[in-house]
Amino acid sequence: MPALACVDAAVPPPGYGLAWDGCLPAPGTFPGGASTAVTADLEHLSPWSPDLSAALYKIDGWGAPYFTVNAAGNIAVRPYGPVTLPHQEIDLMKVVRKASDPKSAGGLGLQLPLIVRLPDVLRHRLESLHSAFDFAIRSSGYGAHYQGVYPVKCNQDRFIVEDVVEFGSPFRFGLEAGSKPELLLAMSCLARGSPEAFLICNGYKDEEYVALALLARTLDLNAVIVLEQEEELDTVVETSRRLGIRPVIGLRAKLRTRHSGHFGSTSGEKGKFGLTTAHILSVARKLQRLEMLDCLQILHFHLGSQIPSTTLLADGVSEAAHIYCELARLGAAMRVIDVGGGLGIDYDGSHSSGSDMSVGYSLDEYADAVIQAVQYACDRKGVRHPILCSESGRALVSHHSVLVFEAVSSTTAAAVDPAAALGAGPAYFLDELPDDARGDYRDLIAAAFQAECDKSLIYMDQLKRKCVEQFKDGVLGIEHLAAVDGLCELVANEIGAANPVKTYHVNLSFFTSMPDFWAIGQLFPIVPIHRLDQRPRVEGVLSDLTCDSDGKADRFIGGRPSLPLHEFGGGRGGRGSGKEGGYYLGMFMGGAYQEALGGLHNLFGGPSVVRVTQSDGPHCFAVTQAVQGPSCADVLRSMQHEPELMFEALKMRAEESGAREGGGTPEPWATALARAFHSMPYLVVGGDSGGDGMSSDSEVSAGGTEVGDDGSYEEWEFMRRLSM
Ligand SMILES: Cc1ncc(COP(=O)(O)O)c(C=O)c1O
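The model shown is predicted, which means the values in this text are computed figures rather than measured ones. Every chain is numbered independently, its residues counted from 1 as its sequence is written. Side-chain atom pairs in this predicted model are given and counted only at pLDDT of 80 or more, local residue features only at pLDDT of at least 70, and totals for whole chains, interfaces and linings cover all residues.

1. Focus on the overall build of the protein
And then number 1: Scanning the protein from terminus to terminus reveals 25 helices and 21 strands.
And then number 2: Residue burial here comes from a neighbour count, namely the number of other C-beta atoms, placed from the backbone, that lie within 10 Å of the residue's own C-beta, with 20 or more meaning buried, 12 or fewer meaning exposed, and in between meaning partly exposed. The burial tally for the protein puts 50% of its 724 residues in the buried class.
And then number 3: By sequence separation, contacts in the protein at least 24 residues apart represent 75% of the contacts at least 6 residues apart. A run of DSSP states H or I qualifies as a helix once it reaches four residues; a run of E qualifies as a strand once it reaches two. Both are numbered from the N-terminal end. For the purpose of contact definition, each residue receives a C-beta atom placed from its backbone, and two residues are in contact when these atoms lie within 7 Å.

Given below as structure tokens:
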């Protein structure tokens, strides 16, 4: 500790002037703090640059080829991956401005948080998946083609499913459903897809499900009923007889190959799903007896999501390929191997097979491993190569969706001035302290002056504990307790033992928007989407809006307990932190599973959504769809409340009380109430007006709620919307 060590520790200086009279030097940072290490290391590299931010946040690792940092220090989207031309890059910050600026400033007036969907990226993922298999097939002389399906459970959003069907049509790309509503949506979307595309019907089935799947065949949809359990066969046989529709049947095999990561619980002999070898044999024999062995055409398995390595993949595929060949030998009309999902993505950019956050292979290597394993098994057994199908979900839709949210405040690192808390000087402070606490205080000051860190911490702890006890006994006043806390914080700052990590409060619910982060410890890349040309000088953790201590992010990719962030404060309108006003962060690679799994904890509903495509106009992008997130009324309604009645009851109450107090009009009150029902549950962050008028090249605002930005929420307008 600088400057103070010359004082005799046993005899603290008169008045214990530590910080009370401002004689301490400015607080330093803890030199050994792990979380500050990266920013400290980068401190000597000057000046800062967007490239350094890309390295710090590992953007080239997890983000390539779709995300990069542009010269302005903003995240840029590369909609066509590696073949994106520089002028085609989309500045994410411009999209956020366009979406959130008030309409009067040329924006769409949407509230954050915001999901930015990038259909161009989705198309690129689909085409890359197809061409990886196509290339592996051509280069190995494999004798059949690949046609994948998208498991709609990854994200059932109508526009995503429709995009997959449209983009996948030239490749016979189909859909997979795991429940009756998923089957209904898959049927209706595939009616506009390739007639050869598979409609894979997975999941547990009752008669109604089976009947729907059979009906799909009469609509010329290529529906396959995959048996998850042996008992389902009876339902399939009976329903098909009753309806007079012959089924195409698949079997889901319970493989012995087991993937050991979190997602591997689906696989192995004890896995939840599929038929064991004995069940498979039994189904084949039953179908033979019924003269329906020609209906059995597909073998399916699913090793689990995020398969870590091609070694494990090849092992599983090989086991399945042998089952396939055996079924062919038994007389089934086998045509297709469906290798399920599990094609992983690299959330942390480490390209390693050691955790669920990454995978140690590329798309091409995945496809190659599948083709090789099937080809080898079939060639050995002299069986014709089957059509290859995969149910890759995560790998298809994760990248195309970015969740943008705003940090609205941060905890201050500055210690409370004890004199200010007390409203008096040190003499009064000492007089009121109980004797033993006074002893701890003296010891603490002495240890601090001697720069004895460990001793200081012990005395600090003792002093605090005793003062709390005295407070609970009613002996010590609240001013003294606050002064003790402030003093201890000052000393901790001085000896370098203060926690340098700040908490950034974000306008988001992790439970709603990143459920896997909370539920299974899944990490997603989280990065500021602007100011990346500036050095991040703070380490921060994120705390969400929910009244729940789990609603925080203090684990980040790369094993970091905190995130390098930019200093908060000083932005436009007194909030935020940058020249653009707010401080915006992006959660990337969250396009799969998060939206469907997210709940309504604290009644925070889903984010607003914009669909953004690349455009050759002057702004590089076009917003083709914009939907405001669910309002307070919407989320209340989903819990069986009736916002219309609630509004009426509260308004009546206001009229009654207005009448009691002299008949004042409740109009402004009713408008405020209507506005509350009408807006999203998230914080309405002030200072958004006066945007820079950035615009996109064209826009088609479809669906959702339009939000006025001039405060003209009239009661009748609210009621009209509700009744619509
Ligand atoms: C049967 C089945 N198919 C496909 C998938 C999609 O897996 P992924 O998203 O890992 O590709 C899953 C996911 O759990 C599944 O259970």
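2. Details of the sheet that holds strand E1 (residues 67-69)
And then number 1: By definition, two strands form a pair when at least two bridges between them are found by DSSP. As summarised here, the arrangement of the three strands in space is E1-E2-E3, forming an open sheet in which the pairing is antiparallel. Each having just a single partner strand, E1 and strand E3 (90-91) make up the two edges of the open sheet.
And then number 2: Here strand E2 (residues 75-77) pairs with E3 via two bridges, running antiparallel. Pairing of valine 77 across the sheet is with isoleucine 90, part of E3.

3. Some remarks on helix H4 (residues 92-100)
And then number 1: Of all nine residues that make up H4, nine are buried, and the element is covered over most of its length.
And then number 2: Three or more residues of H4 are buried, namely Leu92, Met93, Lys94, Val95, Val96, Arg97, Lys98, Ala99 and Ser100.

4. Quick word on the packing of helix H5 (residues 119-140) against helix H12 (residues 363-381)
And then number 1: Where helices are involved, their axes are fitted lines through C-alpha atoms of the stretch in contact, as for all axes, and angles between N-to-C directions lie from 0 to 180°. Packing of H5 against H12 brings their axes to within 8 Å, and their N-to-C directions diverge by 45°. Put simply, H5 runs oblique to H12. The crossing of H5 and H12 is right-handed. Together, Ser128, Leu129, Ala132, Phe133, Phe135, Ala136, Ile137 and Ser140 of H5 and Leu363, Asp364, Tyr366, Ala367, Asp368, Ile371, Gln372 and Gln375 of H12 make up the contact between the two elements. Here the angle decides the label: under 35 degrees means roughly parallel, over 145 means roughly antiparallel, 65 to 115 means roughly perpendicular, and every other value means oblique. With the far helix as reference, a near helix turned anticlockwise by less than a right angle produces a left-handed crossing, and one turned clockwise produces a right-handed crossing.

5. Focus: the pairing of strand E7 (residues 198-201)
And then number 1: Side chains Phe198 and Ile200 project from E7 onto one buried face, and the interleaved Leu199 and Cys201 project onto a second face that is buried too.
And then number 2: Both strand E6 (residues 174-177) and E7 contribute to a ladder of three bridges, which runs parallel. The residue of E7 that forms the bridge with alanine 177 is cysteine 201.
And then number 3: Clockwise travel from the first strand over the helix to the second, with the strands pointing away from the viewer, marks a crossover as right-handed. In this fold, the crossover linking E6 to E7 by way of helix H7 (residues 180-190) has right-handed handedness.

6. Section: the sheet that holds strand E10 (residues 296-300)
And then number 1: In space, the eight strands of this open sheet follow the order E5-E6-E7-E8-E9-E10-E11-E12, with parallel pairing throughout. The open sheet terminates on both sides in strands that have one partner only, identified here as strand E5 (149-151) and strand E12 (387-389). On average, each strand axis in the sheet is tilted by 25° relative to the strand beside it, whichever way the strands run.

7. Some points on the packing of helix H16 (residues 435-449) against helix H17 (residues 453-472)
And then number 1: Here H16 crosses H17 at 155°, and the two axes come no closer than 8 Å. As far as their axial angle goes, H17 and H16 are roughly antiparallel. Considering only the axes of H16 and H17, their crossing is left-handed. Taking contact as the criterion, the partners of Asp436, Ala437, Asp440, Tyr441, Asp443, Leu444, Ala447 and Ala448 in H16 are, on H17, Lys455, Ser456, Tyr459, Met460, Gln462, Leu463, Lys466, Cys467 and Gln470.
And then number 2: Split by residue class, the contact of H16 with H17 holds nine nonpolar, three polar and five charged. Throughout, the ten residues Ala, Val, Leu, Ile, Met, Phe, Trp, Tyr, Cys and Pro are labelled nonpolar, Asp, Glu, Lys and Arg are labelled charged, and all others, Gly among them, are labelled polar.

8. Things to note about helix H10 (residues 277-289)
And then number 1: In this scheme, a helix's expected span is set at 1.5 Å multiplied by one less than its residue total. Taking 1.5 Å of rise per residue, 13 residues should cover 18 Å, and H10 covers 19 Å from first to last C-alpha, within 8% of that figure.
And then number 2: The set of residues buried in H10 consists of Ile280, Val283 and Leu287. Around the axis of H10, the buried residues are gathered within 65° of arc, so they sit on the same side. Turned more than 90 degrees from where H10 packs its buried face, Ala278, Arg285 and Arg289 sit exposed.
And then number 3: With its phi angle positive at about 55°, glutamate 291 sits one or two positions after the end of H10. Working note: the arc is built from the helix axis to C-beta atom directions.

9. Observations concerning the UniProt feature "modified residue: N6-(pyridoxal phosphate)lysine" (unreviewed entry) in the protein
And then number 1: UniProt positions are given in the numbering used here, feature names are shortened, and annotations may be inferred rather than shown by experiment. The residues that UniProt annotates with the feature "modified residue: N6-(pyridoxal phosphate)lysine" (unreviewed entry) are Lys153.
And then number 2: Judged by local crowding, lysine 153 falls into the buried class, with 20 C-beta atoms found within 10 Å.
And then number 3: Setting aside its immediate chain neighbours within four residues, lysine 153 contacts Gly178, Glu182 and Ala596.

10. Side note on the pairing of strand E13 (residues 401-410)
And then number 1: With respect to burial, E13 is a largely interior element, nine of its ten residues being buried.
And then number 2: Pairing between strand E4 (residues 114-117) and E13: four bridges, direction antiparallel. Bridge assignment links valine 116 to a residue of E13, and that residue is valine 402.
And then number 3: In this sheet, strand E14 (residues 502-506) lies alongside E13 in antiparallel orientation, the contact comprising three bridges. Opposite serine 410, over in E14, you have tyrosine 504 as the bridge partner.

11. Brief notes about the confidence of the model for the protein
And then number 1: Every residue is assigned a pLDDT by the predictor, reflecting its confidence on a scale from 0 to 100. Per-residue confidence for the protein gives a mean pLDDT of 86; residues scoring 70 or more make up 84%.
And then number 2: When the criterion is pLDDT under 50, residues 1-42 qualifies, and its contacts beyond four places in sequence or with other chains add up to 60 contacts.
And then number 3: Across residues 570-580, where pLDDT falls below 50, the model places 31 contacts with residues more than four positions away in sequence or in other chains.

12. A look at unusual backbone geometry
And then number 1: Following alanine 64, the chain continues into proline 65 via a peptide bond in cis, with omega recorded as 0°.
And then number 2: Relative to the assigned elements, proline 65 resides in the loop between helix H3 (59-62) and E1.
And then number 3: The residue after leucine 112, namely proline 113, is reached through a cis peptide bond having omega 0°.
And then number 4: With respect to the element layout, proline 113 can be found in the loop between H4 and E4.
And then number 5: For histidine 351, which is not a glycine, the phi torsion comes out positive at approximately 50°.

13. Considerations on the environment of serine 305
And then number 1: As for its placement among the helices and strands, serine 305 is situated in the loop between E10 and helix H11 (310-329).
And then number 2: With 36 residues separating them along the chain, serine 305 and glycine 341 place their C-alpha atoms 6.2 Å apart.

14. So, the nonpolar core
And then number 1: Note on terminology: a nonpolar core is any set of buried Ala, Val, Leu, Ile, Met, Phe, Trp, Tyr and Cys residues joined through C-beta atoms within 7 Å. Among the nonpolar cores identified, the biggest contains 172 residues, and Leu92, Leu199 and Val370 are the most heavily contacted of them.
And then number 2: By convention here, the domain bounds are inherited from an automatic or database domain assignment. Of the residues that make up this core, three or more belong to each of domain 2 (60-115 + 401-413 + 501-631 + 679-724) and domain 3 (119-399).
And then number 3: When residues no more than four places from it in sequence are discounted, the contact partners of leucine 199 are Gly174, Leu175, Ala186, Met187, Leu190, Ala216, Leu221, Asn222, Ala223 and Val224.
And then number 4: Counting 25 residues, the second largest nonpolar core, distinct from the first, contains Ala437, Ala448, Leu487 and Leu490.

15. Digging into the environment of valine 116
And then number 1: In this fold, valine 116 is placed in strand E4.
And then number 2: Of the residues examined, valine 116 has 25 C-beta atoms within 10 Å and is grouped as buried.
And then number 3: With 21 residues separating them in the primary sequence, valine 116 and valine 95 have C-alpha atoms 8.1 Å apart.
And then number 4: Dropping the residues within four chain positions of it, valine 116 is found in contact with Leu92, Val95, Val402, Val404, Val610 and Val612.

16. Let's talk about the environment of proline 86
And then number 1: Considering the arrangement of structural elements, one finds proline 86 in the loop between E2 and E3.
And then number 2: Of the residues examined, proline 86 has 8 C-beta atoms within 10 Å and is grouped as exposed.
And then number 3: A sequence separation of 16 residues divides proline 86 from asparagine 70, and the C-alpha atoms of the two residues are 9.7 Å apart.

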